[in-house]
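What follows is each chain in one-letter form.
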Amino acid sequence: MSNPATPPRSLAEALRARDDASLAVLLRARPDLITPVPTDLTQLATRAGTRASVLRALERLDRFALQSAEALAVAGDPASYQELLGLMAGDGGDPVVAGELPRAVAALRDQALVWGDDDRLRLVRTAREVLAPSPQRPSPTGLGPTVREATSGMSPGRVQEIVAAAGLPSTHDPVSAVDALTKLFGHRKKMAKLLAAAPAESREVLARLVWGPPYGQITPEPAAHLRWLLDRGLLLPTAPGTVVLPREVALHLREGRAHREPEPVPPAVEPAAAHRPQVVDATAAGQAYTALATVEELLKDWDEGGPAVLRAGGLSVRDLKRTAVALDLPEPLAAFWVELAYAAGLLASDGEADERYAATPAYDEWLDRPPAERWAQLAEAWLTATRTSGLVGGRDAKDRALSALGPGLDRSAAPEVRHRVLTLLATLPEGTAPTADSVLARLRWERPLRGPQQRDDDLRGRLARWTLSEAELLGVTGRGALSAHGRALLGAPAAPASKEAPAEPAGPGDKLPVHHHHPSAPSSLTSATSAPLPPLSPPEQAVAAAAAGRLLAPLLPEPLDHVLLQADLTAVAPGPLRRPLADALGVLADVESKGGATVYRFTPASVRRALDAGRTATDLHAFLATHSRTPVPQPLAYLIDDVARRHGHLRVGAASAYVRCDDDTVLNEIMADKRASGLHLRRLAPTVLAAQADPAALLEGLRAMGYAPAAESAEGDVLITRAHAHRTPPRTAPEPVPDGPPPPDSTLLAAAIRAIRAGDLAATTPRKSTGAVRGGELPRTTAAETLATMQAAVLTGDTVWIGYVNAEGTATQRVIAPIRVEGGFVTAYDHTADEVRTYPLHRVTGVAELAEE
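For clarity, every value in this text was computed on a predicted model and none was experimentally measured.

Visitor: With reference to specific residues and values, describe the overall build of the protein chain.
Guide: Summing up its helical and strand segments, the protein chain has 34 helices and 25 strands in all. A buried classification covers 47% of the 853 residues belonging to the protein chain. A total accessible area of about 40800 Å² is found for the protein chain, and carbon and sulfur atoms account for 55% of it.

Shown next, in the form of structure tokens:
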């Protein structure tokens, strides 16, 4: 064990000095470190220093913490806190940087990227390798190599020439010469005097290189102003024709700052407009109801079997276009609703040989639930889904097209970005909508992009923009502001009161004055140090979604039980209809237009459709009279009676197919009609015609000619045709694809820390030096020696160290206090597992006594 009074000599010792709460912070921030659980703290420290884990941790730092790590990478190793402060705040100091730097260093310590006391801060070796400058990978700070690094391959004579030209006395060896040059470049007054004597052109060259990149090209015969810099070591050659500005020179020119613009506090989320909260909630509720109607319309359109599944999976471009036309939406929005229904488990492929998409049995259960609960299910699925509809129509890394419902649409960052965008909206006063650019700027500060490739593919920025538009489509936001039920969906506390919201309902043109914040000043609307709302666990998210649904329920329009019939063969539904009425009216009439009010159109074909479904003319008249607030118009009554009178006058059955009619004059008209030639009809009897077409084709052909035939069974009864609802077998919603291991819950975290502590105790407990133990190996003793030592430990109550091989053949070391030895087993309190266990003696490799201390 390390003495807490002495500084830690390694990351493992630094972790060993932490308490359980501090270890929990580390493991929660970096869950990959406990997958699987390390055996001890040394293994945990080793895993925390691997390149993959360090890169993942660096990507999760905010901009200022990352800038602090970048500054440590170009500082000495170890560096003092004051040295780091100088690199971040510069020679002149910066009170905001000085105030925020402790938080950044604490964040780096919490994630085990930095260890050591304030006078000996050490960046873990892998992080230094990633962030330190090199010719192949310039530092994010724009700084180059140190004088020592840049002169490592230079001849001693050339180093002495540079020292002399810089006005320094010669030394006996190149090491002391480089040290003298380094001290000169780090001395502010002496460097200022040296640069004051430089030609103006030389100072211009330094000004171009000072903020990076620090490398430049020169000719074999450099100009006089470049030669002046080379002679004094202000530029050092790194390769033929290439020179670099040494780090110490650049820091002098930068007045000690590692970064041109330190960003200690996040940018403010700027307000764009403010509305009354009631207006926001009402707007969001209206859009929520539209979302439910859109999903219902989509799946009703696919009720008898939707589009075919492509061989590679997903919808074809043609089927997506057809779906978009059916929904009267642009294709990107149609893709969003299709993906949302899929994420909610309402839509899937049927798995048949001719595989098609269709609604799942869960869709029928969803339809039976109240509207607010249906919306809560959609909102929860959207918030947690990793599938991203915004990618539809793009190309993947192998230049393959990305299709709706197809593979390649999962982006593990999507749930986190959605949650964070809504959380930022939740920090604003009620009714306040932010500017999209300020939200994106805030996200980039919280998770800065590293490297040109990531800047070119700003996935998080695109996800944030999609989130803002999708939240509005779904009714989580209204007029760009987070609604009350949207806030409940996050599990967020009540919003701060808005003092700037207008007294009257604010329209799209109502703008708030934009408050410009100094880049170093905390935002008045968002705290620079306030912790973001953590994502909820699945059970917590389900509870939050249910709470959001309860808030939304009173805002949704009450379904109506009536329509308004008009003389032009239309019916107007002034609002949403109750489901039985909407279903019945959907069979009897065609939807002509949608919006705040839905217009239905009655046609001969739609009336015949209702008659085919088993309704009679009397039923239809009674239905309309019951559900219309206006009298049934005479033209509509005549239409129903006329279609009903002709419906079933002709009967079609299977011969290959036949037509029979009691009125032979009707059959004569059909035979004489040129449009019937394709049916290949011939008369079998005065009232019967036979056809070579199948019954379905014969029905469609006669209907196209203006007749209203009815299908009949083999017994001669009229067949009632109802819409067949095709359903898939039971399907589960697609599982989100996580970005690495999920954060551990409190139970798992406590168990992991206890196991790591116990394993570390077994690994670090002092042992007596015996011939049975060499170089950290497991103890090896004979069976007789093992039995005798165990029995003695039972009598004396001593604790011993054993090697143990389990049933899987895995060897471990354990510290135990034997309680009883009998029947070939030892029962002992296992300090490693922190519980009483029984071990077979034949699996114990050996036993050793612990040191007295």
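Visitor: Explain the pairing of strand β18 (residues 681-685) to me, and be specific about the residues and the numbers.
Guide: As paired elements, β18 and strand β19 (residues 688-691) share four bridges and run antiparallel to each other. From the neighbouring strand, Arg-683 faces β19, where its bridge partner is Leu-689. Here β18 hands over to β19 after two residues, the two strands then running antiparallel side by side.

Visitor: How would you explain the sheet that holds strand β5 (residues 242-244) if you had to name every residue and give the values?
Guide: Strands sit in the order β3-β5-β4 across an open sheet of three strands; the sheet is antiparallel. At either margin of the open sheet sits one strand with a lone partner, and together these are β3 (215-217) and β4 (236-239). Here the average twist between neighbouring strands, direction ignored, is 40°.

Visitor: I'd like a rundown of the packing of helix α21 (residues 414-426) against helix α24 (residues 459-474), residues and numbers included.
Guide: Look at α21 against α24: their axes get within 9 Å of each other, and the N-to-C directions meet at 60°. Between α21 and α24, the crossing angle belongs to the class labelled oblique. Between α21 and α24 lies a crossing of right-handed hand. Taken together, the residues of α24 that come into contact with α21 (itself represented by Ala-414, Glu-416, Val-417, Arg-418, Val-421, Leu-422 and Leu-425) are Arg-460, Leu-463, Ala-464, Thr-467, Leu-468, Glu-470 and Ala-471. A class-by-class count of the residues in the contact of α21 with α24 yields nine nonpolar, one polar and four charged.

Visitor: Before we move on, can you summarise the sheet that holds strand β14 (residues 590-593) with the specific residues and values?
Guide: Sheet architecture is open: four strands sit in the order β12-β13-β15-β14, paired in antiparallel fashion. On the outer flanks of this sheet lie β12 (564-566) and β14, each paired with one strand and no other. This sheet shows a mean twist of 30° between the axes of neighbouring strands, independent of strand direction. When β14 meets strand β15 (residues 598-601), the two strands line up antiparallel, connected through three bridges. Bridging across to β15, Val-591 finds its partner in Tyr-600.

Visitor: Explain the pattern of salt bridges to me, and be specific about the residues and the numbers.
Guide: Counted by the stated rule, this structure contains 39 salt bridges. Salt-bridge contacts for Arg-122 lead to Asp-77; the nearest nitrogen and oxygen are separated by 3.4 Å. Here the residue Arg-122 occupies a position in strand β2 (residues 122-123), and Asp-77 occupies one in the loop between α5 (63-73) and α6 (81-89), the gap between them amounting to 45 residues. By relative accessible area, Asp-77 is classed as partly exposed at 44%. Across the pair Arg-420 and Glu-446 runs a salt bridge, and its minimum N-O distance is 2.5 Å. With Arg-420 in helix α21 and Glu-446 in helix α22 (residues 436-446), the pair connects residues that are 26 residues apart, well separated along the chain. There is no split in this pair, since Arg-420 and Glu-446 are both buried. Members of the salt-bridge network, linked through shared partners, are Arg-158, Glu-161, Arg-227 and Asp-231.

Visitor: Describe empty space enclosed by the protein, naming the residues involved and giving the relevant values.
Guide: According to the stated counting rule, one finds five cavities of 30 Å³ or more in the structure shown. Approximately 100 Å³ is the volume found for the largest cavity. It is helix α18 (residues 331-343) that provides the largest number of residues to the lining of the largest cavity, a total of four residues. Tallied by class, the residues present in the lining of the largest cavity amount to five nonpolar, two polar and four charged.

Visitor: Hey, could you go over the packing of aromatic side chains for me, with residue numbers and the actual values?
Guide: In the structure shown here, the tally under the stated rule is four aromatic pairs. Both rings, one in Phe-336 and one in Trp-337, keep their centres 4.9 Å apart while their planes meet at 65°; by these two values the pair is edge-to-face. Under the relative-accessibility criterion, Trp-337 is labelled buried at 2%. A cation over an aromatic ring shows up here: Arg-374 above the ring of Trp-366, its NZ or CZ 5.3 Å from the ring centre. Sitting over the ring of Phe-623, Arg-615 keeps its end group 5.7 Å from the ring centre.

Visitor: Residues and numbers for the side chain of Glu-470, please.
Guide: With respect to the helices, strands and loops of the structure, Glu-470 is situated in helix α24. For the buried residue Glu-470, which engages in no salt bridge, the nearest side chain bearing the opposite charge is Arg-418, 4.1 Å off. Residues contacting Glu-470, with those up to four places away along its chain left out, are Phe-336, Trp-382, Ser-389 and Arg-418.

Visitor: Go over helix α13 (residues 200-209) with me, naming the residues and quoting the values.
Guide: Looking only at α13, the buried set comprises Ser-202, Val-205, Leu-206 and Leu-209. Along α13, the residues classed as buried sweep out an arc of 95° about the axis, all on the same side. Residues of α13 that are exposed and point over 90 degrees away from its buried face: Ala-207 and Arg-208.

Visitor: Let's hear about helix α29 (residues 617-627): which residues, and what values?
Guide: An α-helical turn contains 3.6 residues, so any two residues separated by three or four positions project in the same direction. For α29, the set of buried residues is Ala-617, Leu-620, Phe-623 and Leu-624. For α29, the angular spread of buried residues about the axis comes to 125°, placing them on one side. Exposed residues on α29 whose side chains face more than 90 degrees from its buried face are Thr-618, Ala-625 and Thr-626. On its buried side, α29 packs onto β12, α27 (579-588), α28 (604-612) and α30 (634-646).

Visitor: Any chance you could break down the environment of Gly-157 for me, citing the residues and the numbers?
Guide: With respect to the element layout, Gly-157 can be found in helix α10 (residues 156-165). When its relative accessible area of 41% is taken as the criterion, Gly-157 is described as partly exposed.

Visitor: I'd love a proper account of the pairing of strand β23 (residues 825-830), names of residues and values included.
Guide: Strand direction decides the pairing type here: strand β22 (residues 811-822) and β23, joined by six bridges, are antiparallel. Among the inter-strand pairings, Pro-818 is bridged to a residue of β23, identified as Ala-828. Hairpin remark: β22 followed by β23, antiparallel, with two residues in the connecting loop; positive phi at Gly-823, about 60°. Judged from the six bridges that link them, β23 and strand β24 (residues 835-840) form a sheet pairing that is antiparallel. Across the sheet, the residue bridging to Tyr-829 is Val-836, located in β24.

Visitor: Give me the lowdown on the nonpolar core, citing residues and values where you can.
Guide: If you look at the biggest cluster of nonpolar residues, it comprises 88 residues, and the most contacted ones within it are Leu-101, Phe-185, Leu-234 and Leu-235. The element best represented in this core is α5, accounting for seven residues. If near-sequence neighbours (up to four positions away) are discounted, Leu-234 is found in contact with Phe-185, Met-191, Leu-194, Leu-195, Leu-206, Trp-228, Leu-229, Val-244, Leu-245, Pro-246 and Val-249. Among the nonpolar cores identified, the runner-up in size contains 73 residues, and Leu-424, Leu-443, Leu-459 and Ala-471 belong to it.

Visitor: Lay out the environment of Ala-166 with the relevant residues and their values.
Guide: Among the structural elements, Ala-166 can be located in the loop between α10 and α11 (174-186). A C-alpha to C-alpha distance of 9.8 Å links Ala-166 and Met-191, two positions 25 residues apart in sequence. Beyond its immediate sequence surroundings of up to four residues, Ala-166 is in contact with Leu-181, Leu-184 and Arg-232.

Visitor: Go over unusual backbone geometry, please, and point to the residues and values.
Guide: Following Asp-77, the chain continues into Pro-78 via a peptide bond in cis, with omega recorded as 5°. Summarising the element assignment, Pro-78 is placed in the loop between α5 and α6. Across the junction of Gly-212 and Pro-213, the peptide omega takes the value -5°, indicating a cis bond. In this structure, Pro-213 sits in the loop between α13 and β3. Unusually for a residue other than glycine, Asp-328 sits at a positive phi of about 60°. As for its placement among the helices and strands, Asp-328 is situated in the loop between α17 (317-327) and α18.

Each value, and the rule that gives it
Residues numbered from 1 in each chain as written. Predicted model: local features only at pLDDT ≥ 70, side-chain atom pairs only at ≥ 80, totals over all residues. Heavy atoms only, no water. Helix = DSSP H or I, 4+ residues; strand = E, 2+ residues; numbered from the N terminus. Buried < 20%, exposed > 50% of the residue type's maximum accessible area, 1.4 Å probe, protein only. Areas by Shrake-Rupley, 256 points an atom, 1.4 Å probe, with all protein chains shown as cover. Pairing = 2+ DSSP bridges. Axes fitted to C-alpha atoms, helices over the stretch in contact; angles between N-to-C directions. Parallel < 35°, antiparallel > 145°, perpendicular 65-115°, else oblique. Left-handed = near helix turned anticlockwise from the far one by under 90°. Contact = heavy atoms within 4.5 Å. Nonpolar A, V, L, I, M, F, W, Y, C, P; charged D, E, K, R; others polar. Salt bridge = Lys/Arg side-chain N within 4 Å of Asp/Glu carboxyl O. 1 Å grid on protein atoms, 1.4 Å probe; cavity = no way out; pocket = protein on both sides within 12 Å on 5 of 7 lines; lining within 4 Å. Points joined across faces, edges and corners; volume = space filled by probe spheres on them. Phe/Tyr/Trp six-rings, centres within 6.5 Å; stacked < 30°, edge-to-face > 60°. Lys NZ or Arg CZ within 6 Å of the ring centre and 35° of its normal. Lys, Arg positive; Asp, Glu negative; His and termini not counted. Arc of directions from axis to C-beta. Core = buried A, V, L, I, M, F, W, Y, C linked by side-chain atoms within 4.5 Å.

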